[in-house]
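Coordinate analysis (summary)
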Amino acid sequence: MTQLMKAAKSGTKDGLEKTKIAVMRKVTFLHRKETPGDSEEEDTGFLEVTVSDMKHPPPELGPMPEGLSPQQVVRRHILGSIVQSERSYVDSLKRILQDYRNPLLEMEPKVLSARKCQVVFFRLKEILQCHSMFQIALASRVAEWDSAEKIGDLFVASFSKSMVLDVYSDYVNNFTSAMSLIKKACLTKPAFLDFLKKRQMASADRVTLYGLMVKPIQRFPQFILLLQDMLKNTPKGHADRLSLQLALTELETLAEKLNEQKRLADQVAEIQQLSKSISDRSSLNKLLSSGQRQLLLCETLTETVYGDRGQLIKSKERKVFLLNDMLVCANINFKPVDAGGQLEISSLVPLGPKYVLKWSTALPQVQVVEVGQEGGAYDKDNVVIHNAGARRHAPAGQASHNKVYLGPPRLFQELQDLQKDLAVVEQITLLISTLHGTYQNLNMTVAQDWCLALQRMVRVKEEEIHSANKCRLRLLLPGKPDKSGRPISVMVVFITPSPLSKISWVNRLHLAKIGLREENQPGWLCPDEDKKSKAPFWCPILSCHMPAFSSKALDLQLGAAVHNPVQSSLLGFSAVSTSLPQGYLWVGGGQEGAGGQVEIFSLNRAVPRTVKSFPVASPVLCMEYIPEPEEGDAPGCQEPRAGEQPPPAPHPTVCLGLQDGSILVYGSVDTGTPCLLSCRSPGMQPILCLRHSPEFLFAGLQDGSVVAYPRSNGGLWDPAAQPTRLPVGTGPVRALLTLEETLWASCANQVTVLDATTLRAQQTFEAHPEAEASVTHMVKAGSGVWMAFASGSSIRLFHTETLEHLQEINVATRTTFVLPGHKHVRVTSLLICQGSLWVGTDQGIIVLLPVPRLEGIPKITGKGMVSLNGHGGPVEFLAVALSTLAPDILRGDRDEEEEGGEEEKGPELEGPPPRELRKKGILLQYRLRSTAHLPGQLLSVRESPPGTPAHAEEDGSIYELADDPDVWVRSRPCARDTPRKEISSVAIVSGGRGYRNFRGDGPHRDRGGNGDSSLLIWQLPLALWHSRDSSLAH
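For every chain, the first residue of the written sequence is number 1, and numbering continues from 1 along that sequence. Selection of residues for local features in this predicted model requires a pLDDT of at least 70, selection of side-chain atom pairs for listing and counting requires 80 or more, and totals for whole chains, interfaces and linings are taken over all residues. As a rule here, side-chain values come from all non-hydrogen atoms in the structure, and water together with hydrogens is ignored.

1. Structural notes on the overall build of the protein
Summing up its helical and strand segments, the protein has 20 helices and 42 strands in all. The buried label applies to any residue whose accessible area, calculated with a 1.4 Å probe on protein chains only, is under 20% of its type's maximum; exposed applies above 50%, and partly exposed to all values in between. Classification of the 1034 residues of the protein by burial places 52% in the buried group. Areas reported as accessible are Shrake-Rupley estimates using a 1.4 Å probe. Residue values count occlusion only from the protein chains shown. Split by element, the accessible area of the protein, about 47,400 Å² in all, is 52% carbon and sulfur. Helix and strand assignments come from DSSP, with helices taken as H or I runs of at least 4 residues and strands as E runs of at least 2, each series counted from the N terminus.

Now the structure itself:
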């Protein structure tokens, strides 16, 4: 035991590894008990280590030495936070055992049996043991901090142990059962409830038992935040930096696994709770009990019923469950035991409600009916909408526009009143135009001001109604046929807690329906050790497979693809939730020795549609999308000074690299895809890869050199200027990667790191020991770069800062699950997106490997999944389509008002405002002075009240202009330098020969082996991110 303590106190990775080995040899608890409560003695076989505070005092940070840099001071403060946080956590664990578990075991008569105590407090002693040992090692690190400044490796050694994951997994999996047992004991045993209340009141901070027991679930997210802060304040080259990145990876992986286990446990509990509300004999109960149903989404929504004129008749909270193949709605039923009894218990432990089934419908029969959609889309001749939740109601004066307004009746009435008043004022304006005299406050300027003020009020009212509709989920469900046999459809209207919730429901309903298609049943194979081969609910769903080129006459090979994100203001609320990522997908290819072809698809829909196709002189080998510059120079952010011509802003462009050495630069589809410029590489060498930085466009050539084209004043590249040629090696430069300050260029099995500004080579390193294993692909995530090679089935991970080789994975071990016996596999494409590394192979198989999302090391942390949908030949490319939805839908009305007030004031105008549009045709600003400066007599017997539009100065009024008021996607400028929440829509596109289903019983098992070039598109559920986490894909 003394040796174990010494090893832990030394704090070295080697010492802690020895500790791990020693503990694994001597402690039998590592052979996990699957369920708590198997024996009366909880810790049989567990080596109990008592840590004495006298012998091993808790970590204590000494006084700060002088002469520290500001960064060192911050790191020291963060260390202090880690120490304080850990001490508080260990104290909480001790409190659970000393104040609750031990007294309950010793109490006579027992209010909770020893077996039930074991269930409630399962694995807490082991968790305390882990953190007591961690505290010993932490104390030694704290003592030597000012000389060594290292802590990352301690976290790696302490929390990479399987025993930590084991005990925390057991605790998390048991947490729901423990809370359920506590709740039941509170309801049935007054003595137990009284014990909990007394213990809570006796504690200084009044934290409940539940509040203490939830802390282990929150522990690793807290550690991650502290280590992220430490990493931000650790400079490159510091001895602790790589260790901190690895520690962040270990903790993120651990937290991710525990989160997934908690989610699965909660899902099982919810389905069990729902099945209790259903008759045992019903078919739905059998379906729920079979274990084949996955819960994709469940939330408390408010069901509302409206009258003919939009008046609210009734509303009630319902629990709505989206399963993988059905939608279930239940009443929420809280039954108080006695007056105040339920409330008293719920303050100590959360009480789950009881459900009463209201209805359930098979998913394919559920339709989302969006506000503003044409009636013909759903109201078919042979379908009767019965008891529509919100009937269509066109306000007066708007019938010609076929507007649909659904919202609170008060808003309807106010909108109608404003529209009537506006019609009257417009008539008055016509009459004023016929006046013969000139009057100071009765003229066309004043009348137009009245009209503008009323128009603004109408638009604000419309916006309020649309805000209400952002949280309105309307579902069309099948009902019983009427007497004549015609089908009846029932409209159900739910109010969601937020616009984000509404978007999530529409998006998940859409994806769940696609998930029921044959090719997605199943779509992925999970070769897990625990034999759970069912794909998780978040797995990508194959949305469609289609020909890559519209021309059938030519046998075209695929070369590359790139996504050009373009936000469309014409997409309605529902369309944005169900469409592919907005914008255009450019696909290029050609025939060997002949011409090339470019196909452009619009993704503003559920299935892509070709919008343009054109030939180029030579096959397309690579593509690069170059967005508009980000930093404060978007149109409308900066106003040019009077009389000064603004410099032409570089618009988004798509660059093509051709086999004949040409580089073609095209403008966006919205401007007709003009070819903005073209140039040739030195020696007309084929362009194998393209990458861009703020200053240069880089091209990797066949002859082993990289060419850098500098930007010109217009934001593009000057074809007349001589580009800089950088020799890298003798073989072709197959892959380029731009990092923050460097450019990585591969030649044969070596990678050269170049300074992205000075273009000087910094160093070259060997990426693979075999000379013929040329680097073909490089992708970055966090602080690592994954590489694929021309030969062999391995992919390798390198650190971006030290260039150290960190991990190697053999992809063939995954592909053999689908094609047994095929061990000779070559990786043909790589992509990292949203915590997954996509690997395409020469067999047409696509493998998905989990990697961390944070700024740590993107080590592969699990076995991953293999797609059962692939190509008949090599996967030529993997591309990501990513677009960010407008953040307005996440903001409340107050946020929008504040933002509106922050807009820059427009120029002063003495006449009617000009119809000039700012920021993509959305904003129109004007400012009207008092009428006192106008000629003529004042036509008024008294002063106008303050605030009257005719006399008051209205500064910076903002008029929202849109072609269609039903459009909710706005492009208005947001407050600068503030982190914003953004909803990201992501799809993954693969290109290759034909389409192949790798399921043994699939109808398309061998289809498409020699087929035409095809695209497969996978969709991921919409994700919420903060704007600073914008690098979702690489």
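Additional details are given in the paragraphs that follow.
2. Quick word on the packing of helix α3 (residues 70-106) against helix α5 (residues 124-143)
Convention adopted: a line fitted to C-alpha atoms gives each axis, helices being fitted over their contacting stretch, and angles between N-to-C directions are expressed from 0 to 180 degrees. It is at 10 Å that the axes of α3 and α5 come closest, and there the two elements cross at 150°. Viewed along their axes, α3 and α5 adopt a mutual orientation that is roughly antiparallel. Along this stretch, α3 crosses α5, giving a crossing that reads as left-handed. Along the contact surface, α3 presents L79, V83, E86, R87, Y89, V90, L93, K94, I96, L97 and R101, while α5 presents L124, K125, I127, L128, H131, F134, Q135, L138 and V142. For this classification, under 35 degrees means roughly parallel, over 145 means roughly antiparallel, 65 to 115 means roughly perpendicular, and everything else is oblique. Note on convention: near helix rotated counterclockwise from far helix by under a right angle means a left-handed crossing. Clockwise means right-handed. Two residues qualify as a contact provided that any one of their heavy atoms is within 4.5 Å of a heavy atom in the partner residue.

3. Things to note about the sheet that holds strand β12 (residues 584-590)
If DSSP finds at least two bridges between two strands, the strands pair. Across the sheet, 4 strands lie side by side as β11-β12-β13-β14; this open sheet has antiparallel pairing. One side of each edge strand has no neighbouring strand; the edge strands of this open sheet are β11 (557-564) and β14 (609-616). Across the sheet, the mean angle separating the axes of adjacent strands is 20° when strand polarity is ignored.

4. Regarding the pattern of salt bridges
Any carboxyl oxygen of Asp or Glu that lies within 4 Å of a side-chain nitrogen of Lys or Arg is treated as forming a salt bridge with it. This model, assessed by the stated rule, comprises 20 salt bridges. With a shortest N-O distance of 3.8 Å, K236 and E740 are connected by a salt bridge. Residue K236 is located in the loop between α11 (215-232) and α12 (241-276), and its partner E740 is located in the loop between β23 (733-738) and β24 (742-747); the two are separated by 504 residues in the primary sequence. Accessibility expressed as a relative area gives 52% for K236, which makes it exposed. In this structure E740 comes out as exposed when scored by relative accessible area, which is 70%. Here the residues in one salt-bridge network are R75, E149 and D240, joined through shared partners.

5. What to know about the packing of aromatic side chains
Classification of ring pairs uses Phe, Tyr and Trp, with its six-membered ring standing for Trp, and accepts pairs whose centres are within 6.5 Å; under 30 degrees between planes counts as stacked, over 60 as edge-to-face, and the remaining range as tilted. Within this structure, the stated rule accounts for 22 aromatic pairs. On the numbers, 6.1 Å between centres and 90° between planes, the contact of Y100 with F195 is edge-to-face. Placement of Y100 in helix α3 and of F195 in helix α9 (residues 190-202) is noted, with a sequence separation of 95 residues between them. The same class applies to Y100 as to F195, namely buried. On the numbers, 6.0 Å between centres and 75° between planes, the contact of F134 with F223 is edge-to-face. Pair noted here: F134 is in helix α5 and F223 is in helix α11, with a separation of 89 residues, a long-range link. Judged by relative accessible area, which is 2%, F134 ranks as buried. Each ring is checked for a lysine NZ or an arginine CZ that lies within 6 Å of its centre and within 35 degrees of its normal; such an atom marks a charge sitting over the ring. The ring of F223 has R219 lying over it, and the distance from NZ or CZ to the ring centre is 4.0 Å.

6. Observations regarding the pairing of strand β3 (residues 326-333)
When you tally the buried positions in β3, you get 6 out of 8 residues, the bulk of the element. When strand β2 (residues 312-323) meets β3, the two strands line up antiparallel, connected through 5 bridges. Within β3, the residue paired with R318 across the bridge is N331. Counting the residues that bridge the hairpin from β2 to β3 gives 2 residues. As paired strands, β3 and strand β4 (residues 354-362) are joined by 8 bridges and run antiparallel to one another.

7. Details of the confidence of the model for the protein
pLDDT measures how confident the predictor is about each residue, on a scale from 0 to 100. On average, residues of the protein score 76 in pLDDT, and 72% of them reach the 70 mark or higher. Below a pLDDT of 50 lies the segment residues 529-535, which in the model reaches 12 contacts outside its immediate sequence neighbourhood of four places, other chains included. Below pLDDT 50 for its whole length, residues 937-979 participates in 110 contacts with residues either more than four positions away or in separate chains.

8. Some remarks on the sheet that holds strand β17 (residues 662-666)
With antiparallel pairing, 4 strands are arranged side by side in an open sheet as β15-β16-β17-β18. Each having just a single partner strand, β15 (620-626) and β18 (675-680) make up the two edges of the open sheet. Going across the sheet, the axis of each strand differs from the next one's by a mean of 15°, ignoring polarity. Bridge count for β17 against β18 is 5 bridges, and the pairing is antiparallel. Bridging from a neighbouring strand, I663 pairs with C679 of β18.

9. Side note on the environment of V458
Along the chain, the position of V458 falls in helix α16 (residues 444-469). Along the primary structure V458 and Q416 are separated by 42 residues, whereas in three dimensions their C-alpha atoms are 9.0 Å apart. Setting aside residues no more than four positions away along its own chain, V458 makes contact with L415, L418 and Q419.

10. Quick look at α5
With 20 residues, α5 extends 28 Å between its outermost C-alpha atoms, agreeing within 8% with the 28 Å of an ideal straight helix rising 1.5 Å per residue. Across the 20 residues of α5, 18 count as buried, placing the element largely inside the fold. Each helix should span, by expectation, one fewer than its residue count multiplied by 1.5 Å.

11. Here's the deal with the environment of L688
Among the structural elements, L688 can be located in strand β19 (residues 687-692). A relative accessible area of 22% means that L688 is categorised as partly exposed. Sequence separation between L688 and G700 is 12 residues; the distance between their C-alpha atoms is 5.5 Å. Residues contacting L688, with those up to four places away along its chain left out, are L621, C622, G700, L701, Q702, P732, V733 and R734.

12. Concerning the packing of α11 against α12
Where α11 meets α12, the closest approach of the two axes is 9 Å, and the angle between their N-to-C directions is 155°. The angle between α11 and α12 places the two elements in the roughly antiparallel class. Both α11 and α12 take part in a crossing whose hand is left-handed. Contacts between α11 and α12 involve I217, F220, F223, I224, L227, Q228, M230 and L231 from the former and R241, L244, Q245, A247, L248, L251, E252, L254, A255, L258 and K262 from the latter.

13. Some words on helix α8 (residues 162-188)
Taking 1.5 Å of rise per residue, the 27 residues of α8 would be expected to cover 39 Å, and the 39 Å separating its terminal C-alpha atoms lies within 8% of that figure. What is called the bend at a residue is the angle between a pair of axes, fitted to the seven residues leading up to and ending at it and to the seven starting from it. Its maximal kink placed at F175, α8 deviates by approximately 45°.

14. Overview of the nonpolar core
In plain words, nonpolar cores are sets of buried Ala, Val, Leu, Ile, Met, Phe, Trp, Tyr and Cys residues tied together by side-chain atoms within 4.5 Å. In terms of nonpolar packing, the biggest core is built from 66 residues, with F121, I151, F155, M213 and F220 touching the most fellow members. Per element, the largest residue contribution to this core is 13 residues, and it comes from α8. With residues near it in sequence (within four places) discarded, M213 still touches I96, V120, F121, L124, Y171, F175, M179 and I182. Residues W786, V851, I857 and V866 belong to the second largest nonpolar core, which totals 25 residues.

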